[in-house]
Amino acid sequence: GALSAGWVNDWVARTGRPGGKLLLLVALSCLALPSTLLVLAPNFSVGLAMVALSIAVMPMLGTTMISSITELVPGHMRGVATSMLGLTNTMLGATMGPMLIALSTEHLYSDPAMIGASMTTVGLPVIVLAVVLYAFASRGMGRRLKTSEEFRSVVQTPAAG
């Protein structure tokens, strides 16, 4: 996933479409949706395919988010913006995700065997929210930068000395 993300991100950047990488994030988030429904897999083969898709898509999401930041943020702010992305992802994903799943398992389902349902209960709305937010961001970017020339000038602006 991470290796192919570089190629896909470069291809999207070459299209010159304002908000293109944000649209890619929408598509990747949609591809990640089945991974939240793993508990509903009817058999091992379908479950394995869902896990394989997740293993491919999740690194692409992370790589594309970082790539998007390098296009959206002025050069002199890219390090801080990338660090803030990493901090936010860690704070929300690595801390809140497991905690919300545990709370859901304990208080909503009251059964440790329902951890799969808890993962769906937490993961599905988060991925849907990501799709919606990336779509809004892409739409806003498209409106803000109406032409590919303006987009390229923003993306290729060198860092201030």
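Please read all numbers here as calculations on a predicted model, not as lab measurements.

> Which parts of the structure should I look at to understand the nonpolar core?
One finds Leu25, Leu28 and Leu61 to be the most contacted residues of the largest nonpolar core, which totals 21 residues. Listed by contribution, the elements that provide at least two residues to this core are α1 (2-15), α2 (20-32), α3 (44-72), α4 (78-109) and α5 (115-144). Among the elements that take part in this core, α2 stands out by supplying six residues, more than any other. Residues within four places of Leu25 in sequence aside, it is in contact with Leu61, Thr64, Met65, Ser68 and Tyr134.

> Sorry, what's going on with unusual backbone geometry here?
Peptide bonds are mostly trans, and most non-glycine residues show a negative phi. Despite not being glycine, Ser110 has its phi angle at roughly 50 degrees, a positive value. By the element assignment, Ser110 lies in the loop between α4 and α5.

> What is the right way to read the pattern of salt bridges from this model?
Close approach of charged atoms allows side chains with opposite charge to pair. Considering all chains together, one arrives at one salt bridge under this definition. Where Lys21 meets Glu71, a salt bridge forms, and the shortest distance between an N and an O atom there is 3.1 Å. Linking Lys21 in helix α2 with Glu71 in helix α3, this pair joins segments that are 50 residues apart in sequence. Taking the relative accessible area as the measure of exposure, Glu71 reaches 10% and is therefore buried.

> Hey, could you run me through the side chain of Ser104 in this one?
When you line up the elements, Ser104 lands in helix α4. Aside from chain neighbours lying at most four places away, what touches Ser104 is Tyr109, Ser118, Thr121 and Val122.

> Would you explain α4 in this entry?
Residues spaced three or four apart along an α-helix face the same direction, because each turn holds 3.6 residues. Of all the bends in α4, the greatest, near 35 degrees, is centred on Met96, and the proline Pro98 appears no more than four residues after it. Listed as buried for α4 are Ala81, Leu85, Gly97, Ile101, Ser104 and Thr105. Ser110 occupies a position one or two residues after α4 and carries a positive phi of about 50 degrees.

Criteria and thresholds
- Residues numbered from 1 in each chain as written.
- Predicted model: local features only at pLDDT ≥ 70, side-chain atom pairs only at ≥ 80, totals over all residues.
- Heavy atoms only, no water.
- Core = buried A, V, L, I, M, F, W, Y, C linked by side-chain atoms within 4.5 Å.
- Buried < 20%, exposed > 50% of the residue type's maximum accessible area, 1.4 Å probe, protein only.
- Helix = DSSP H or I, 4+ residues; strand = E, 2+ residues; numbered from the N terminus.
- Contact = heavy atoms within 4.5 Å.
- Salt bridge = Lys/Arg side-chain N within 4 Å of Asp/Glu carboxyl O.
- Bend = angle between axes of the 7 residues up to and from the residue.

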